[in-house]
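# Coordinate analysis (summary)
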Amino acid sequence: MLDIASYLLEDLLPFQFRDTPIGPAYNGRLVMAKTTAELVSNDSRINAFRVIGDNPINSEGISSLPHSDVAHWASGADAAWFEPGRHYWWRSAIIRDTVGHNFPIVTMLHSLGYPEQLVPLMTCVSVGARPYDVIVAPGPRAAALLEEQLDQVCNYLGRDRSEAAPRVEVIPYGVGPVSSRTHKTEAKRNLDLPIEGTLVTFVGRMVDGDKIEFERTMDALAKARKSCDFTVVFAGAASEAAERRVIEVGRQLPDGTLRVMPNITDSHKEMLLDASDIFLSPSQTVSEMFGLSIVEAMQRECAVLCSGWGGYLDVVEDGVTGLEIDIVFNDPTPADELAYLTNVGFNTTARTSANVAIQYDDRAAKLVTLVRNPELRGRLGREARLVAEQKFDVRSTAVRVVDIMLEARDECDSSDLEGGSAGSPLKMASSFRKLAKASVE
């Protein structure tokens, strides 16, 4: 039996731990973190799941752990630290060194591409890790990329990789099972979409240059639309400015082709996926390590058309569960590397790699292929559903994560630490007494 602690409330607030679905303003990482945490907390092998903070949490099996009680928690023989959707371990490692008690740290990788992640990663390596600490990656490509980045950071800081960073394990992430489905015709009618014809859908945060490049995507859609007939829906969390931008760049499409559904609810998103024939995800963000929205589309038998890039390659098999758009990666120049490392002038490139190019003609051609070939769409969709159910079920993810924590706990020597890898406990707050006129002992 394990007692788990987490900093989960830095991502999710107490009111978000409810039975009602997470609303449209929350991204895939928060959905994954919430769902995985709740499933882990309900595992029979977990004694308690505690979130650092004083706020009460409205979720069965998850409670708060005040900072004043952290040292006592850490002294337990069956303690483990767990962070879903965040692969940083420096805070929990500092706690471990400062309180002087051993416990394993298990984190779940979500993204790797943002330049601002370099500093936390360097801090993690500086603090160090222990042999039983684990970072869980959603697929082989994400794991390989993380390993390479850890090697580079360790080399730069002059740290031994085996002592400075956790080992990396691969566990496919997942989404919850489909509880109900709406017939395609009924779903289209309920959403006021054309009953006849092919429906192409994009679902995700509508941030230009993050999940999708509006203008280049509309160019490809317009080119495909000259060869075949379809309706396209852009749905997901969006500001008013983003909604206006999508409508503006979509004016090149024939009238009635584009529908925009900003801030769609979970129930309407599920109905939209049931109504859809093709799910479009031409992401080229350097942070895309998995693709929860793609798995949700696969569950509902959508034929997926996605960029052959990043974590998508571990989710979609080209020609079997979807079609992949060709990608070209241009080797970065020394100036690119400097700008990335220092995050100077990278207002959009912090999210999207300037060196990744989705092939415009290939995107349009493969969309036309799918629109014109309903038999191909059907075959891809059926196979995608089977793979999603067998491989990407979040319940299996949660079980395997608990397995990892228990294995790590078995490897961990629970005896008290002597000094810890930091050398001595950090006492940052008390150092400010130097600024006071007098100290009260």
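Only a predicted model underlies this, so the values are computations on that prediction, with no experimental measurement involved.

The subject of this paragraph is the sheet that holds strand β10 (residues 258-262). On the basis of which strands lie adjacent, the open sheet formed by six strands has the order β10-β9-β8-β11-β12-β13 and parallel pairing. The sheet terminates laterally at β10 and β13 (322-325), the two strands that pair on one side only. Averaged over all neighbouring strand pairs, the angle between strand axes comes to 20°, with direction disregarded. Summarising the sheet, strand β11 (residues 278-281) and strand β12 (residues 303-307) pair through four bridges and their orientation is parallel. Within β12, the position partnered with Phe 279 by the bridge is Val 304. The strands that helix α14 (residues 374-391) touches are β8 (198-203), β11, β12 and β13; relative to β12, the one it contacts most, it runs at about 85°.

This part covers the packing of helix α4 (residues 118-127) against helix α5 (residues 140-157). For any two helices packed against each other, the geometry is given by the interaxial angle and the distance between the axes. Where α4 meets α5, the axes come as close as 10 Å, and the angle between the chain directions of the two elements is 65°. The orientation of α4 relative to α5 falls into the category roughly perpendicular. Seen from above, α4 lies across α5 with right-handed handedness. Across the interface between the two elements, Leu 118, Leu 121, Met 122, Val 125 and Ser 126 from α4 touch Gln 149, Leu 150, Val 153, Cys 154, Tyr 156 and Leu 157 from α5. Considered class by class, the residues forming the contact of α4 with α5 number nine nonpolar, two polar and no charged.

This next bit is on the environment of Arg 251. Mapped onto the secondary structure, Arg 251 falls in the loop between α9 (240-249) and β10. Classification of Arg 251 by relative accessible area gives exposed; the value is 63%. Separated by 33 residues in the primary sequence, Arg 251 and Met 218 have C-alpha atoms spaced 8.9 Å apart.

You can see Leu 109 is positioned in the loop between β5 (105-108) and α4. Of the residues examined, Leu 109 reaches a relative accessible area of 0% and is grouped as buried. The sequence separation of Leu 109 and Ile 135 amounts to 26 residues, and the corresponding C-alpha distance is 6.7 Å. Every residue in contact with Leu 109, bar those within four places of it in the chain, is listed here: His 87, Ile 135, Val 136, Ala 137, Pro 138, Ala 142, Leu 146 and Tyr 173.

On to the packing of helix α1 (residues 28-41) against helix α15 (residues 394-411). At a closest axis distance of 9 Å, the pairing of α1 and α15 adopts a crossing angle of 60°. Judged on the interaxial angle alone, α15 and α1 are oblique. For the pair α1 and α15, the crossing hand works out as right-handed. Taken together, the residues of α15 that come into contact with α1 (itself represented by Thr 35, Thr 36, Leu 39 and Val 40) are Val 394, Arg 395, Ala 398, Val 401, Val 402 and Met 405.

Ranked by internal contacts, the top residues of the largest apolar core, which has 92 residues, are Val 40, Trp 89 and Leu 272. No other element matches the six residues that α5 contributes to this core. The residues contacting Leu 272, other than those within four sequence positions of it, are Leu 191, Leu 193, Leu 199, Thr 201, Val 203, Val 233, Ala 235, Met 261 and Ile 264. Ile 278, Leu 305, Ala 364 and Val 368 belong to the second largest nonpolar core, which has 33 residues in total.

With that out of the way, let us pick up the pairing of β11. Neither face of β11 is open: one carries Ile 278 and Leu 280, the other Phe 279 and Ser 281, and all of them are buried. Pairing geometry for β8 and β11, over two bridges, is parallel. Bridging across to β11, Thr 201 finds its partner in Phe 279. The parallel pair β11 and β12, bridged by helix α11 (residues 292-299), forms a crossover whose chirality is right-handed.

Below, the discussion takes up the pairing of strand β6 (residues 134-137). Across the two faces of β6 the burial is the same, with Val 134 and Val 136 and Ile 135 and Ala 137 all buried. Bridge analysis of β5 against β6 gives three bridges, and the strand direction is parallel. Counted as the bridge partner of Met 108 is Val 136 from β6. Handedness of the β5-α4-β6 crossover: right-handed. As paired elements, β6 and strand β7 (residues 167-170) share four bridges and run parallel to each other. By the bridge assignment, Val 134 is partnered in β7 with Arg 167.

Calculation rules
- Residues numbered from 1 in each chain as written.
- Predicted model: local features only at pLDDT ≥ 70, side-chain atom pairs only at ≥ 80, totals over all residues.
- Heavy atoms only, no water.
- Pairing = 2+ DSSP bridges.
- Helix = DSSP H or I, 4+ residues; strand = E, 2+ residues; numbered from the N terminus.
- Axes fitted to C-alpha atoms, helices over the stretch in contact; angles between N-to-C directions.
- Contact = heavy atoms within 4.5 Å.
- Parallel < 35°, antiparallel > 145°, perpendicular 65-115°, else oblique.
- Left-handed = near helix turned anticlockwise from the far one by under 90°.
- Nonpolar A, V, L, I, M, F, W, Y, C, P; charged D, E, K, R; others polar.
- Buried < 20%, exposed > 50% of the residue type's maximum accessible area, 1.4 Å probe, protein only.
- Core = buried A, V, L, I, M, F, W, Y, C linked by side-chain atoms within 4.5 Å.
- Right-handed = clockwise from strand over helix to strand, strands pointing away.

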